[in-house]
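Residues per chain, in single letters:
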Amino acid sequence: LVLLLALSANPDVCSVDVRRGVEPSNQIASFMVESERQNQNPFRARGIDGTGETVTISDTGVDPDHCYFDDPNKSEPTGFTFDSSARKIQQYVPFVDTNDYQWGHGTHVAGTIAGKRWDAEGAADGIAPGAKLAVADIGNRNGDLLTPNDKTLLSTGRPQSQIHSASWGSEFNFYTSRARNFDQFMFENDEFLIIVAAGNSGSNDGAFDIPNTVGDPATAKNVIAVGAHNSWGHSSASGNLGPSYIADFSSRGPTADNRMKPDIVAVGKSVLSAGADPNVVGECDPSKIPGANARSGGLLSLQGTSMATPVVSGTAAIIRQYFRDGYYPSGTKNSDDAYPNPSGALVKAVLMNGAQNLGGVDNGVHGVTDSKLYDNNQGFGRLSLQDSLYLAGQTNVQLEVWDRERIEDQDINTYNVTIDKSNGCQAEDLSVTLVWIEEGSNPGCQNCVLNDLDLSVSFRGQTYYPNGQKSPDRTNIVERVVVNGVQGGETATISVNAYNLAWKSQQYALVATGCFGGVANTLQGESVFDSDESLKRRQIIIISVCVSIGVLLIACVACFFIRRRKARSGGGISNDFNEGEFEESA
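Please read all numbers here as calculations on a predicted model, not as lab measurements. (Residues numbered from 1 in each chain as written. Predicted model: local features only at pLDDT ≥ 70, side-chain atom pairs only at ≥ 80, totals over all residues. Heavy atoms only, no water.)

**A short note on the confidence of the model for the protein chain**
Chain-level pLDDT for the protein chain is 89 on average; 88% of the residues reach the 70-or-more range. pLDDT under 50 marks residues 11-25. Its contacts with residues more than four places away, or in other chains, come to 33 contacts. (pLDDT = per-residue confidence, 0-100. Contact = heavy atoms within 4.5 Å.)

Structure representation (C-alpha cells):
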C-alpha cells in the first residue's frame, strides 16, 4: 500500500496494474480449448490430435524448413503436387511465392493449427499437432495478399482437406461476391468447412466497441467467423484481464444485413507459435522462450483474430478425428462406431453448440463493456471442447447428433431426448444447435437467408426459441436453444420446422448435449475461466490507488491547516510572519 501510495503520487504515473511473469504458449491455448485446466489435454492424451486430417491455410506462406514443419526425410514441398506421405506440409501451392517473409503471418498461423517438432515436444506445438497442412501461399514479402479466384483458392488441398483456415479479410461489412462464392463452395462440398478471421477493427483511434466491423469473407453465411478473447496467467500480457474477456480489437457484428457475427470466439492474445526466418535453416525453440508479443529464435508471439482462427481450425480437425475414430457416442474409441465423413455442418454445429459465455469486453483503462451470448461481441461464445464432445470421465457432457437430415418445405421433424444422470453426469443444461449449409445469395442482399428453418424445444410445457429470442429467428442459419436446470428422467422434444424454403428441401445437422447416461467429469482442478477474478483484482487495485491518493490528499490538507493554526496561535512560524517581522525590524 505504501508503494502504491508513492507511485500514485508521481505525476508521471498514469495507471497502476498487476504484472505477472510472461510465458505465452500454444500449449496454453491447447489446454484452454481441451480442458480449461492447466496442462491437462485429455483429447491429446487419447491420441485425438488431428491425426488423419489435412487443414488448408491461405496466407502469406510458410517457412518450410522451420523445425515445426520440416521433414528430415524429404525435400521442401514445391508446386501443386500433393504428397500424402509428407511429415507435415503435404502441398504447397505458390500462388505468389514459395516461402514466408521474416516473422511472417502465415508461418505463425500454420504453427498454431498443426505445428510440431519432429525431434521433441515443442514449446509451441499446435492445437492439432497430429494434423497435416496444405498451404496456399497468397502473400508476398511485404505482407500483401494476392488471391486467385475463389474456387481455385478453396480447392487447395482438396479432396484430402476438409478444413480451410483463412486468417485474412477486408473491411467490407456487407455480403459480397466473395462471401457468396465461399458459401457456394461449402454448399457444393458437403464435408467442407471454412473458418475465417472476423477482423481487428473493434477498436480504433480511441474509439471502442465499434459495430459492423466484421469484414468479408467473414460475412458469409456458411463459414465460421472467429473473434478473439484474452489469454490466461503467464500468457496474458501486463494490464490485460483474464481469458473470460473479449479482446477490444476483435471486430463486431452485425453484418450489413443484420446477421449475427462473430460466430464464435477463441483465444487470440499473446499466442506463441512458429516464427519464420527464411535466412536460417531449421530455426526452432530458443533457450529462452519469448514473452508476450515478442520474438526470439524460431518463436513469435502475436495477437489478433488471425491468431484465434487457427485455434478453431485445429479444433475442427480434432472433432473430425473424434467421429472418424469412433468416439461417438460412447466417449471411448470403438472402431464399430467410426463415422468417416462427418459433414461440415455437423462439425460447425458441435463447435458452436458447446460455446460458453464470456464476461465482457476488455477495453483496458476505458473499462469493461457488458456482453452476453448472441450479441455482436461474442456470438455463440467461447470455444469449449469440454462442453462440446464426450470423453468418458473427462468432459462435462454427452451428445446426440443427427447428421445429413433432410426436410421439405413446410414440414416439421421432431426428436426426443431424455435426460439421464444415473451414471453420475452432472451437467445442468440441455443445449441443442441446428446448422444448415445453403447456397450462396446475391451480393448485397438484405435478406440473405434462402431456406429458413426454425428450431424450438418443448420442455415442461414451455416452448424455447433460439439465440436468446422469444420467437423464431428469421435472420441466421445457426440456431441454438439452451434449457437450464434440467433433471434426470425429464424428456425434451426438439422441433425443426421448414418455415420457408426457396428450394424443395434443405439438409441440416442437429446436435444436442447434456446428460444422456454418461459418467461425471473427473478432471482435477478448476477451470481457468470459472476462476478468472482478473476484473476483481483490477477493481481492488483501482480502489487501493484511489484510497491511497485520498489518504495522501487528506494528510496534505490536514498538515496545511495544522501549520496555519499553529502559526496563528503563535505555536509556529509561518513565512508570512517571518516577512512581517523582518519589515517591522527594518
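**What about empty space enclosed by the protein?**
Empty space left among the atoms is revealed by rolling a probe the size of a water molecule over them. Enumeration over the complete set of coordinates arrives at four cavities of 30 Å³ or more. Computed from the structure, the second largest cavity encloses a volume of approximately 90 Å³. If you trace the second largest cavity, you find it lined by K221, R259, M260, K261, D263, M352, F380, N476, I477 and V478. Partitioned by chemical class, the residues of the lining of the second largest cavity number five nonpolar, one polar and four charged. (1 Å grid on protein atoms, 1.4 Å probe; cavity = no way out; pocket = protein on both sides within 12 Å on 5 of 7 lines; lining within 4 Å. Points joined across faces, edges and corners; volume = space filled by probe spheres on them. Nonpolar A, V, L, I, M, F, W, Y, C, P; charged D, E, K, R; others polar.)

**Concerning the sheet that holds strand β15 (residues 412-418)**
Spatially, the four strands line up as an open sheet ordered β15-β20-β17-β18, and their pairing is antiparallel. The sheet is open, and its two borders are formed by β15 and β18 (462-464), each paired with just one other strand. Taken pair by pair, the neighbouring strands of this sheet meet at an average axis angle of 25°, ignoring direction. As paired elements, β15 and strand β20 (residues 491-501) share seven bridges and run antiparallel to each other. Each residue of the ladder has a partner; that of T414, found in β20, is S495. (Pairing = 2+ DSSP bridges. Helix = DSSP H or I, 4+ residues; strand = E, 2+ residues; numbered from the N terminus. Axes fitted to C-alpha atoms, helices over the stretch in contact; angles between N-to-C directions.)

**A look at unusual backbone geometry**
Backbone torsion omega between R158 and P159 reads 0°, so that peptide bond is classified as cis. Looking at the secondary structure, you find P159 in the loop between α5 (150-154) and β4 (163-166). In this structure, P262 follows K261 across a cis peptide bond, with omega equal to -5°. Secondary-structure assignment places P262 in the loop between β7 (245-247) and β8 (264-267). Backbone geometry places N39, a non-glycine residue, at a positive phi of 60°. As for its placement among the helices and strands, N39 is situated in the loop between α2 (26-34) and α3 (42-45). Judged by relative accessible area, which is 60%, N39 ranks as exposed. Despite not being glycine, R460 has its phi angle at roughly 55°, a positive value. Residue position: R460 is located in the loop between β17 (451-459) and β18. (Buried < 20%, exposed > 50% of the residue type's maximum accessible area, 1.4 Å probe, protein only.)

**Brief notes about the sheet that holds strand β9 (residues 271-274)**
Taken in spatial order, the three strands of this open sheet run β9-β11-β10, and their pairing is antiparallel. Two strands bound the open sheet, and with one partner strand each, they are β9 and β10 (295-296). Inspection of the sheet shows β10 paired to strand β11 (residues 299-302) by two bridges, in the antiparallel sense. When the bridges of β11 are listed, R295 appears paired with L300. Of the strands in this sheet, β9 and β11 touch helix α4 (residues 105-114), which is tilted by about 100° from β9.

**Digging into the pairing of β11**
Here β9 runs beside β11; their pairing, made up of four bridges, is antiparallel. By the bridge assignment, V271 is partnered in β11 with L302. The turn joining β10 and β11, which pair antiparallel and follow one another in sequence, is formed by two residues; a positive phi near 55° is taken by G297.

**Points about the pattern of salt bridges**
Following the criterion strictly, the structure yields 18 salt bridges and no others. In this structure, K221 engages E438 in a salt bridge whose closest nitrogen and oxygen atoms are separated by 2.6 Å. On the criterion of sequence distance, the pair formed by K221 in the loop between β5 (193-197) and β6 (224-229) and E438 in the loop between β16 (429-435) and β17 is long-range, its members being 217 residues apart. This pair shows no difference in class: K221 is buried, exactly as E438 is. A salt bridge links R474 to D452; the shortest N-O distance between them is 3.5 Å. Here the residue R474 occupies a position in the loop between β18 and β19 (478-484), and D452 occupies one in strand β17, the gap between them amounting to 22 residues. In this structure D452 comes out as buried when scored by relative accessible area, which is 7%. What emerges from the salt-bridge pattern is a single network uniting E53, E191, R320 and R324. (Salt bridge = Lys/Arg side-chain N within 4 Å of Asp/Glu carboxyl O.)

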